[in-house]
Structures are given as structure tokens and as C-alpha cells.
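Structural overview for review
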Amino acid sequence: EVKSAVLADGVYLFASATCPNCKIAKALLEKAGIAYTTILAEENVALADSFKIRQAPTLVSIAGGEAEKFVSVPNIKKFIAETAKV
């Protein structure tokens, strides 16, 4: 778990401009109606490093200052399934 001093509570998709899986992740989030912010990892290296992000797409969900990471499309799908149940 990462403490987030930098980002407000919300859902953030760390992506890269050329990543095909990032496009899939975006489409899945939009289809599920989940509001998120895209952060291009290559343009925000320090921020990506602060969350120890090494792979795109990585979804970071922040609630109450606690960050939870979901790396890769299958894990992002799990996040969507869990979020849709709420």
C-alpha cells in the first residue's frame, strides 16, 4: 500500500501513449461508467515512480489516502467487476 500525498481520492490510469493494452483498459473503464483520470507515465515519471509503477496499464485507486494498484488488463477487469458490485 502506498500513501498518496500527491493525488486526491479517485481512480487513475497510468498509461503510455503507444500502449495497445492501455486503450483496452480505457475502453473497459468507460464501458463500466467508472470515472478515471489518465496519467501518461512517460510524462509523469516521478509520479509513476512514487507508486512504483513499472508497467502500463496500471490502475491506481485511491480512497482515504490509501492507494491500491491493479497492474495489467486482467487485474483492471477485476477492479471493474469489484467496483460494479458496490
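Here, every reference points to the structure presented above.
Fair warning: this is a prediction, and the values are worked out from it, not measured in the lab.

Rules of the game
- Residue numbers run consecutively from 1 along every chain, following the written order of its sequence.
- Restriction of local features to residues with pLDDT of at least 70 applies here, the model being predicted, together with a cutoff of 80 or more for giving and counting side-chain atom pairs; totals for whole chains, interfaces and linings are based on all residues.
- Only heavy atoms go into the side-chain values, all of them from the structure, while hydrogens and water stay out.
- Put simply, DSSP H or I for four residues or longer makes a helix, DSSP E for two residues or longer makes a strand, and each gets a number counted from the N terminus.
- We call two residues in contact whenever any of their non-hydrogen atoms come within 4.5 Å of each other.
- Each nonpolar core is a collection of buried residues, namely Ala, Val, Leu, Ile, Met, Phe, Trp, Tyr and Cys, held together in the definition by side-chain atoms within 4.5 Å.
- A simple rule labels every residue: compare its accessible area, found with a 1.4 Å probe on the protein chains alone, to the largest value its type can have, and call it buried under 20%, exposed over 50%, or partly exposed in between.
- Should a side-chain nitrogen of Lys or Arg be within 4 Å of a carboxyl oxygen of Asp or Glu, the pair is scored as a salt bridge.

On to the side chain of Ser61, then. Tracing the sequence through the fold places Ser61 in strand 4 (residues 58-63). For Ser61, the contacting residues outside a window of four places in its chain are Gly10, Val11, Glu66, Ala67, Glu68, Phe70 and Phe79.

Core analysis: the biggest nonpolar cluster contains twelve residues, these being Leu7, Tyr12, Phe14, Ile39, Ala41, Leu47, Ala48, Phe51, Ile53, Val60, Ile62 and Ala67. By size, the runner-up hydrophobic cluster in this structure holds eleven residues, among which are Val11, Leu29, Tyr36 and Phe79.

Turning our eyes to something else, we now look at the pattern of salt bridges. Across all of its chains, the model carries one salt bridge by this definition. Of the charged contacts, one joins Arg54 and Asp49 as a salt bridge, the two residues approaching to 3.4 Å between their closest N and O atoms. For Arg54, a relative accessible area of 66% puts it in the exposed group. Residue classification places Asp49 among the partly exposed positions, given a relative accessible area of 40%.

Okay, unusual backbone geometry next. Omega for the bond connecting Ala56 with Pro57 falls within 30 degrees of zero, at 0°, which places this linkage in the cis form. Assignment of secondary structure puts Pro57 in the loop between helix 2 (45-50) and strand 4. With a phi angle near 55°, Lys52 is a residue other than glycine that sits in the positive phi range. Summarising the element assignment, Lys52 is placed in the loop between helix 2 and strand 4.

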